[in-house]
Amino acid sequence: MLKLTKIQQKLGNYIHGNRLEKIFSYSTRNSGHLSEKQKNISEAINNQIFGQPVYSTHPHMINKGDLVPGIQLDEFKQRRSRLLLGTQKYAAEHLKDRTTNRNHMIIIPSATKKFMSEKIPYFFRQNTDFYYLSGCLEPDTILVMTIDEKSNMKSVMFMRPKDKHAELWEGSRTGVDLSIELFGLDEAYASDDFESEIKRKIECHKPFIWYDSKASCLPNVTEIAKKLSGNSHFESPLSLIQGMRLFKSPSEQNLMRRTCEIASLSINEVMGETRPGLSEHHVYAMVDFKCRMRNANHLAYPPVVASGNNATTIHYINNTQLLKSNDMILMDAGCEYAGYNSDITRTWPVNGKFTEPQKILYEVVLQLQKEMIGKLLNEGGHTLDHLFDSMCMALGKYLQEIGLVPKHITDVIGLTRAGYQFCPHHISHYLGMDVHDTPLMPRSIRLLPGMVCTVEPGVYISKDRTDVPEEFRGIGIRIEDDILINNENKVEVLTSACTKEVHELENLHKMKCI
């Protein structure tokens, strides 16, 4: 596992701006001097034929100058430069026993289409690391980045070629020629040319190859890389990439704010519209619809919509039970907007009014969550693991005060263990392009500006438990918010618009009844 200091050394100080040259450039003001290929590119842009939304075809989604919603092309080029320079420096310092080569090649494949049955695809989601470095949303594509001993860098993409028959069925492809200008590449080739072109580059430069076969959805890429390099094991670049992704840029922070706002407002509406007799499935449909109507791409993950005792199953996703009047409902849901995810949990009474035991337990979790958010960047909250330890101890103490933990437990270890028995999951994970983002980055890293995480304590008491008072059995409660450590090194609650106070939750229901 890479240390944070190493990640920062190899990535943090190597932003070199625009080092990647375009093979093609054109200007509408000088269209009379364009080459035939450049004219084709210009015409294609005007004719709106790309394999993904761009400003000229989707100005309602993408601003002028952006490659994808909220992020400009230069940011993707800078990411590739930082990764290449950081990789070269890391290898020189930490892989001396394996290589002294200063020529490096990083291969990142895209995702591919997957099918649930004959000719019926699952919805396509791009490989996160590929998207982070390229901005490309097309399947079956390969990004190859190289750097030599003089720090000359190249970005090359292998694309699906234009194919009228395939595009009739599956939609437009960007193709090879347009991809150079669109994605800011040095070279582009058809996917079928991958083997011959990579062979030429390997023979010419004899680079040290970075590739993760386990993370690849394209087995042919693995086979070719092994055959041409003579290696069956490569150094994985994923820790290096995730070390970059852990720290969100200003544009990424704005996308996180937006996805969290969408989910927060949508969940507020759902909480206000919940009624006895609806099913958990209906509530699922409501939050999905409301997020999409606010321009989310889709939900970030299958949501937990758990009423009554179902809420004591932490990852309950059956979502099939009817809502009963005196039960609470726990919903863990978020959305994906422009490749960035929110992750929120709220628990509220189905009929709009907490019973006394529900209110007592809910206020314990709410108080605990507020306290843990307050600990971030302070003693007991400098890292996510520190925060988890703080949560377990405090939860044991608070549950003891309401009679759920025996009074004879007085030491810190005993209270921590007692708290863990009621909340057996971590209080936090990193959040971003993936819901459980950058999983190779340990939760023992000190929180720094640009990081985004969740804070999600819970209490789960099955109806079958006999060691707690009967009135608390069958209750599951979790409250989860998304947190950004912003550029001022302040804690910013991205989901602050999502209601969680007792009186506000009850008022949401009353307002919908009027």
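Residues numbered from 1 in each chain as written. Predicted model: local features only at pLDDT ≥ 70, side-chain atom pairs only at ≥ 80, totals over all residues. Heavy atoms only, no water.

Spatial ordering of the open sheet is given by S10-S13-S14, a layout of three strands whose pairing is antiparallel. Both outer strands of the open sheet, strand S10 (298-299) and strand S14 (340-341), are each paired with one neighbouring strand and no more. Alignment of strand S13 (residues 335-337) against S14, held across two bridges, turns out to be antiparallel. Bridge pairing in S14 places Tyr337 opposite Tyr340. (Pairing = 2+ DSSP bridges. Helix = DSSP H or I, 4+ residues; strand = E, 2+ residues; numbered from the N terminus.)

One pass over the structure, following the stated rule, counts seven aromatic pairs. For the ring pair Phe158 and Tyr189, a centre distance of 5.6 Å and an interplane angle of 25° mean the geometry is stacked. Remark: Tyr189 occurs in strand S8 (residues 187-190) and Phe158 occurs in strand S7 (residues 153-159); sequence separation between them is 31 residues. A relative accessible area of 0% places Phe158 in the buried class. Look at Tyr189 and you get buried, because its relative accessible area is 18%. (Phe/Tyr/Trp six-rings, centres within 6.5 Å; stacked < 30°, edge-to-face > 60°. Buried < 20%, exposed > 50% of the residue type's maximum accessible area, 1.4 Å probe, protein only.)

Now for the packing of helix H12 (residues 356-375) against helix H13 (residues 384-401). Remark: H12 packs on H13, axes separated minimally by 10 Å, with the N-to-C direction vectors making an angle of 150°. Comparing their axes, H13 and H12 come out roughly antiparallel. For H12 against H13, the interelement crossing comes out right-handed. From H12, Leu361, Val364, Gln367, Leu368, Glu371, Met372 and Lys375 reach across to H13, where they touch Leu387, Ser390, Met391, Ala394, Leu395, Tyr398 and Leu399. Class assignment of the residues belonging to the contact of H12 with H13 gives a composition of 10 nonpolar, two polar and two charged. (Axes fitted to C-alpha atoms, helices over the stretch in contact; angles between N-to-C directions. Parallel < 35°, antiparallel > 145°, perpendicular 65-115°, else oblique. Left-handed = near helix turned anticlockwise from the far one by under 90°. Contact = heavy atoms within 4.5 Å. Nonpolar A, V, L, I, M, F, W, Y, C, P; charged D, E, K, R; others polar.)

So, on to the environment of Glu401. If you trace the backbone, Glu401 turns up in helix H13. Sequence spacing of Glu401 and Val364 is 37 residues, and the spatial spacing of their C-alpha atoms is 9.7 Å.

Listing the buried residues of helix H8 (residues 219-229) in full gives Val221, Thr222, Ile224, Ala225 and Leu228. Here the buried face of H8 lies against strand S3 (104-109), strand S6 (142-147) and helix H7 (194-205). A positive phi of about 80° marks Gly230, the residue just after H8.

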